Amino acid sequence: MTTQISIFNGPNLNLLGQRQPEIYGSESLQDVENNCKLLADSLGLQVDFRQSNYEGKLVDWIQEARGAYAGIIINPAAYSHTSIAILDALNTFDGPVVEVHISNIHKREEFRHHSFVSKRADAVIAGCGTDGYLMALQRMQKLLK
Ligand code: DQA
């Protein structure tokens, strides 16, 4: 049986490839999803890949993941720095959580240096571009063993 993983993406990541490409690169979110699904296949994982601009939607999805998915990979985008609601939701989830940031948030503005989600994340990947999602999948597979 394949193990089901959720990959959740927060606000503005729908514009990946068009939005500040000097920071976030030229790949679209669809490219990232395709690459994740290819790698997931070879790792024996099945990926449900989603994006929302709404904090409450992300909270709903995290709650729905309880009991349905083995692990959560999340790029909470700007909500990383503001959302106790997303942290609280992740704290209700029993499986591994891997946080991804495409950019190195620690090299950027000070308000990006703190992530509420990192309080819960088992691993944090930042500054590796969109490859960070693939690294997160590899880490997730090990965390699930
Ligand atoms: C981001 C970093 C956040 O600070 C920013 O608000 C984003 C994307 C990243 O992937 O580098 O939207 O999470």
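Here the structure is a predicted model, which is why all the values come from computation and not from measurement.

## Quick word on the site of the ligand
Inference 1: The environment of the ligand is made up of Arg19, Tyr24, Asn75, Ala77, Ala78, His81, His101, Ile102, Ser103, Ile105 and Arg112.
Inference 2: Ala78 has a polar backbone atom sitting 3.2 Å from an oxygen atom of the ligand.
Inference 3: At 2.8 Å, a side-chain N or O of His101 approaches an oxygen atom of the ligand.
Inference 4: In isolation the ligand exposes 320 Å². Once the protein is present, 99% of that is buried.

## As for the environment of Asp48
Inference 1: When you line up the elements, Asp48 lands in strand 2 (residues 45–51).
Inference 2: The contact partners of Asp48, leaving out residues within four places of it in the chain, are Ile5, Ser6, Ile7 and Tyr69.
Inference 3: At 2.8 Å, the side chain of Asp48 and the side chain of Arg50 are in polar contact.

## What to know about the pairing of strand 1 (residues 3–9)
Inference 1: Among the 7 residues of strand 1, 5 are classified as buried, and the element is accordingly described as predominantly covered.
Inference 2: Across 5 bridges, strand 1 lies against strand 3 (residues 71–75) in parallel orientation. Of the residues in strand 3, the one forming a bridge with Ser6 is Ile72.

## Here we look at the nonpolar core
Inference 1: Within the largest apolar cluster, 25 residues are counted, with the highest numbers of intra-cluster contacts made by Ile7, Ile73, Tyr133 and Leu137.
Inference 2: When residues of this core are traced back to their parent elements, those giving at least two are strand 1, helix 2 (29–43), strand 2, strand 4 (97–101), strand 5 (123–126) and helix 5 (131–143).
Inference 3: Per-element accounting of this core gives the leading share, 6 residues, to helix 2.
Inference 4: In this view, Ile7 contacts Cys36, Val47, Asp48, Phe49, Arg50, Ile73, Tyr133 and Leu137; residues no more than four positions away in its chain are not counted.
Inference 5: One finds Phe8, Leu58, Ile62 and Ile74 within the second-largest nonpolar core, a separate group that totals 15 residues.

## Notes on the packing of helix 2 against helix 5
Inference 1: Where helix 2 meets helix 5, the axes come as close as 9 Å, and the angle between the chain directions of the two elements is 25 degrees. Overall, the two elements helix 2 and helix 5 adopt an arrangement that is roughly parallel. Note that helix 2 runs across helix 5; the crossing there is right-handed. Residues Val32, Asn35, Cys36, Leu39, Ala40 and Leu43 of helix 2 lie in contact with helix 5, whose contacting residues are Tyr133, Leu134, Leu137, Gln138 and Gln141.
Inference 2: Counted by class, the contact of helix 2 with helix 5 contains 8 nonpolar, 3 polar and no charged residues.

## Concerning the side chain of Asn9
Inference 1: In this fold, Asn9 is placed in strand 1.
Inference 2: Under the relative-accessibility criterion, Asn9 is labelled buried at 0%.
Inference 3: What Asn9 contacts, discounting residues up to four positions off in sequence, is Leu29, Phe49, Arg50, Gln51, Ser52, Leu58, Asn75 and Tyr133.

Cut-offs used in this document
Residues numbered from 1 in each chain as written. Predicted model: local features only at pLDDT ≥ 70, side-chain atom pairs only at ≥ 80, totals over all residues. Heavy atoms only, no water. Near = heavy atom within 4 Å. Polar contact = N/O pair within 3.5 Å; in protein donor to acceptor, adjacent residues only side chain to side chain. Areas by Shrake-Rupley, 256 points an atom, 1.4 Å probe, with all protein chains shown as cover. Helix = DSSP H or I, 4+ residues; strand = E, 2+ residues; numbered from the N terminus. Contact = heavy atoms within 4.5 Å. Buried < 20%, exposed > 50% of the residue type's maximum accessible area, 1.4 Å probe, protein only. Pairing = 2+ DSSP bridges. Core = buried A, V, L, I, M, F, W, Y, C linked by side-chain atoms within 4.5 Å. Axes fitted to C-alpha atoms, helices over the stretch in contact; angles between N-to-C directions. Parallel < 35°, antiparallel > 145°, perpendicular 65-115°, else oblique. Left-handed = near helix turned anticlockwise from the far one by under 90°. Nonpolar A, V, L, I, M, F, W, Y, C, P; charged D, E, K, R; others polar.

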